[in-house]
Amino acid sequence: MTVSPYADLLGLRFDTDAAGHPVVTMDFANDLLGRPGFLHGGAIGGMLEMAAWVALRAALGEEETVIKPINVTIDYMRGGRERTTFAAGEVTRLGSRIANVSATAWQDDRDRPIAAARLNYLLKR
């Protein structure tokens, strides 16, 4: 699935977990480095935004809807190291005009996230 040119630039892959929920994977690449040995925060933030978007798109199903971001808040919890990173989103509220989504990024252990985001979207159905 191609979501955006930015997702292609980051090398994101879109899969599903065992329960069928969307999961985004970003393999490490030198182009994603910020300070030596760590992923750039913008790459992590972009990945979280894409994870939230695919979770929302999955929740909407085949419904024709324009999705416009209203607000994005990212909490960086620990540095992303030079390894594969994963992210998943969860729709916490799906209204007729507004959607709230949370997303989490992790590397080795899903229970030890490296970053989390809260995103609010305007839906034009």
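Preceding this paragraph is the structure being described.
The shown structure was predicted, so the numbers you read here are calculated from the model rather than taken from an experiment. (Residues numbered from 1 in each chain as written. Predicted model: local features only at pLDDT ≥ 70, side-chain atom pairs only at ≥ 80, totals over all residues. Heavy atoms only, no water.)

Talk me through the overall build of the protein chain; I want residue IDs and the actual numbers.
Of regular secondary structure, the protein chain possesses 2 helices and 6 strands. For 125 residues, the compact-globule estimate of 2.2 N^0.38 gives 14 Å, and the C-alpha radius of gyration of the protein chain, at 14 Å, lies within 12% of that figure. Projected onto the principal axes, the alpha-carbon positions of the protein chain cover approximately 45 × 25 × 25 Å. Of all 125 residues assigned to the protein chain, the portion counted as buried reaches 39%. Counting contacts in the protein chain only where the partners sit at least 6 residues apart, residues at least 24 apart contribute 62% of the total. (Helix = DSSP H or I, 4+ residues; strand = E, 2+ residues; numbered from the N terminus. Rg over C-alpha atoms; globule rule 2.2 N^0.38 Å. Buried < 20%, exposed > 50% of the residue type's maximum accessible area, 1.4 Å probe, protein only. Contact = heavy atoms within 4.5 Å.)

Quick one: what's the story with the sheet that holds strand β4 (residues 85-94), residue by residue and with numbers?
Overall, antiparallel pairing links the 6 strands, which are arranged β1-β2-β4-β5-β6-β3 in an open sheet. With partners counted over all chains shown, the strands left at the sheet margins are β1 (12-16) and β3 (66-76), one partner each. Within this sheet the neighbouring strands show an average axis-to-axis angle of 25 degrees, counted without direction. Lying on the sheet, helix α2 (residues 41-60) is in contact with β1, β2 (22-26), β3, β4, β5 (98-106) and β6 (115-124); it crosses β4 at an angle near 45 degrees. (Pairing = 2+ DSSP bridges. Axes fitted to C-alpha atoms, helices over the stretch in contact; angles between N-to-C directions.)

Can you lay out the nonpolar core for me, pointing to particular residues and giving the numbers?
A general feature of soluble globular proteins is that nonpolar side chains tend to end up buried together. One finds L12, M26, L48, L56 and Y121 to be the most contacted residues of the largest nonpolar core, which totals 30 residues. Of all elements in the fold, only α1 (5-10), β1, β2, α2, β5 and β6 reach the threshold of two or more residues within this core. With 10 residues, α2 is the largest single contributor of residues to this core. If near-sequence neighbours (up to four positions away) are discounted, L56 is found in contact with I67, V91, L94, A99, V101, Y121 and L123. (Core = buried A, V, L, I, M, F, W, Y, C linked by side-chain atoms within 4.5 Å.)

Residues and numbers for the pattern of salt bridges, please.
Across all of its chains, the model carries 5 salt bridges by this definition. The salt bridge partner of E63 is R125, with a shortest N-O separation of 2.7 Å. Within this pair, whereas E63 is found in the loop between α2 and β3, its partner R125 is found in the segment after β6, the two being separated by 62 residues in sequence. (Salt bridge = Lys/Arg side-chain N within 4 Å of Asp/Glu carboxyl O.)

Describe α2, listing the residues and the values that go with them.
Taking 1.5 Å per residue, 20 residues should reach 28 Å; α2 reaches 29 Å between its end C-alpha atoms and fits that length. G61, located one to two residues past α2, shows a positive phi value of around 65 degrees. (Expected span 1.5 Å × (residues − 1).)

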